[in-house]
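# Summary of structural features
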Amino acid sequence: MSQIKNFTRKFIKGTLKFILYTFVILLLLLGGIIIALQFPSVQTRAANKAASYLSETLGFPIAVETVDIDWFDEVVLEGVSVHDPQKGKMIYLKEAVVDFEITSFYKAKFNIDEIILRNGRVNMVKYSDGTLNMTEFIEAIRNMSAPPKDKKRKPVPFTLDEVKLDNMYYS
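Only a predicted model underlies this, so the values are computations on that prediction, with no experimental measurement involved. Per chain, the residues get numbers from 1 upward, laid out in the order the sequence is written. Totals for whole chains, interfaces and linings use all residues, but because this is a predicted model, local features are given only for residues with pLDDT of at least 70 and pairs of side-chain atoms are given and counted only at 80 or more. Note: side-chain values were computed over all heavy atoms of the structure, leaving out hydrogens and water.

### Remarks on a nonpolar patch on the surface
Candidates for patches are residues over 30% relative accessible area with no salt bridge; among them, like charges are joined within 9 Å and nonpolar side chains (Val, Leu, Ile, Met, Phe, Trp, Tyr) within 5 Å. Working definition of accessibility: Shrake-Rupley area with a 1.4 Å probe, residue cover restricted to the visible protein chains. A pair is scored as a salt bridge if a Lys or Arg side-chain nitrogen falls within 4 Å of a carboxyl oxygen belonging to Asp or Glu. Taken together, the side chains of L20, Y21, F23, V24, I25, L27 and L28 define a hydrophobic patch exposed on the protein surface, amounting to about 750 Å² of accessible area. Helix and strand labels come from DSSP, where a helix needs a run of H or I of at least four residues and a strand needs a run of E of at least two; each type is numbered from the N terminus. Among the secondary structure elements, Y21 is positioned in helix α1 (residues 2-36).

Here it is in C-alpha cells:
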C-alpha cells in the first residue's frame, strides 16, 4: 500500500514539474518572440514573408524594403513596390505610414485612423486586350477579401478614417 502511495506522489510531483517547466518554457519562448519582433530587421523579414504570401495569392509581385512597427500605434513601410503580371512597376511608395488603434482589435473590429502615402508613383497601363493593370489588381484584392463561404462566422468590421497623399504621381 505504501509503495502505491509513494508511486502516486512521485507521479503527481513529476507531472506538476513537467507542467510547470512547460509553462515556463512557453512563456520564455513567447517573450523571446515579442522581444525579437521589436527589431526592424525581424519586422522586415516578417513583412516580406507576408508580401510573398500576398504576391502568390494576388498574382502581383509585392516587395517591401524596410518595416518599422510601433506596436501600439503605427506601422511604417518603406520602399513598397507592386508589379503587374507583365513585370511593369505598377505602384511604388517610398513611404507608407499606417496609424491604427490597437484597442480596436480587442473589440473585434479593425480601425485605421490614417494612412499616409509619401513620395510614390502609380502607373496604370492598358494591355493589348483592353484591360487595365489596376482593374486586375483591384479584382484580385476583391476576390481575396470576399466574404467567407461559412455563414456562421461574421465578418470583422473594417474602418478607415483618413487617407493622405503626399507627393504622389499618377500616370
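### Comments concerning the pattern of salt bridges
In the structure shown here, the tally under the stated rule is four salt bridges. Linking K164 and E114 is a salt bridge whose minimum nitrogen-to-oxygen distance equals 3.0 Å. Of the two residues, K164 sits in strand β6 (residues 163-170) while E114 sits in strand β4 (residues 110-122), which places them 50 residues apart along the sequence. Look at K164 and you get partly exposed, because its relative accessible area is 39%. Of the charged contacts, one joins R118 and D166 as a salt bridge, the two residues approaching to 3.6 Å between their closest N and O atoms. You can see R118 sitting in strand β4 and its partner D166 sitting in strand β6, a full 48 residues away along the chain. Each residue is assigned to one of three classes by its accessible area relative to the maximum for its type, calculated with a 1.4 Å probe on protein chains only: buried under 20%, partly exposed between the two thresholds, exposed over 50%.

### Considerations on the environment of K87
For K87, the position within the fold is in the loop between β2 (74-83) and β3 (89-100). Using a relative accessible area of 66% as the deciding quantity, one classes K87 as exposed.

### Some points on the layout of surface pockets
For each structure, a 1 Å grid was placed over the protein atoms alone; sets of points admitting a 1.4 Å probe that cannot get out are labelled cavities, open sets with protein on both sides within 12 Å along at least five of seven lines are labelled pockets, and lining residues have an atom within 4 Å of a point. Grid points are joined across faces, edges and corners, and a volume is the space filled by probe spheres set on the points. Taken as a whole, the largest pocket encloses approximately 1300 Å³ of empty space. Lining of the largest pocket is provided by 35 residues; of these, L54, L77, V98, I112 and I115 occupy positions nearest its centre. Every element with two or more residues in the lining of the largest pocket is listed here: α2 (40-58), β1 (62-70), β2, β3, β4, α4 (133-144), β5 (158-160) and β6. Examining the composition of the lining of the largest pocket, we find that seven residues originate from one element, α2, more than from any other. Any residue outside Ala, Val, Leu, Ile, Met, Phe, Trp, Tyr, Cys, Pro, Asp, Glu, Lys and Arg is labelled polar, Gly included; the first ten of those are nonpolar and the last four are charged. When grouped by side-chain class, the residues that make up the lining of the largest pocket number 33 nonpolar, two polar and no charged.

### Considerations on the packing of α2 against α4
The contact between α2 and α4 brings their axes to 10 Å, and the two run at 105 degrees. Judged on the interaxial angle alone, α4 and α2 are roughly perpendicular. For the pair formed by α2 and α4, the contact residues are L54, T57 and L58 on the first element and F137, A140, I141 and M144 on the second. Split into classes, the residues belonging to the contact of α2 with α4 amount to six nonpolar, one polar and no charged. All axes are obtained by fitting lines to C-alpha atoms, using only the stretch in contact for helices, and the reported angles, taken between N-to-C directions, cover 0 to 180 degrees. Convention used here: angles under 35 degrees read as roughly parallel, angles over 145 as roughly antiparallel, angles from 65 to 115 as roughly perpendicular, and any remaining angle as oblique. Note on contacts: a residue pair qualifies if any of its non-hydrogen atoms lie within 4.5 Å across the two residues.

### Comments concerning the pairing of β2
For two strands to pair, DSSP has to find at least two bridges joining them. As defined by bridge partners, β1 adjoins β2 across eight bridges and the pair is classed as antiparallel. Bridge assignment links A63 to a residue of β2, and that residue is S81. One ladder, built from nine bridges, connects β2 with β3; its direction is antiparallel. Residue pairing across strands places E74 opposite D99, the latter belonging to β3. Counting the residues in the hairpin turn of β2 and β3 gives five residues, including K87, whose phi is positive at 75 degrees.

### So, a negative patch on the surface
On the surface, a cluster of negative charge is made up of E65, D68, D70, D73 and E78. Within the fold, E65 resides in strand β1. Only four residue types enter the charge count: Lys and Arg as positive, Asp and Glu as negative, with His and the chain ends excluded. Here the site of a charge means NZ on Lys, CZ on Arg, CG on Asp, or CD on Glu.

### Notes on the nonpolar core
We call a set of buried Ala, Val, Leu, Ile, Met, Phe, Trp, Tyr and Cys residues a nonpolar core when their side-chain atoms join them within 4.5 Å. Judged by nonpolar contacts, the single largest core of 23 residues is most densely connected at F60, V82, M90, I91 and F137. Taken together, the elements giving at least two residues each to this core come down to α2, β1, β2, β3, β4 and α4. For this core, the element with the most residues is β3, which contributes six residues. Beyond its immediate stretch of four places on either side in the chain, V82 contacts F60, P61, I62, G88, K89, M90, I91 and F137.

### Structural notes on α1
The span one expects for a helix is its residue count, reduced by one, times 1.5 Å. Its 35 residues give α1 an end-to-end C-alpha distance of 50 Å, which sits within 8% of 51 Å, the value for a rise of 1.5 Å per residue. Little of α1 is tucked away, with zero of its 35 residues classed as buried.

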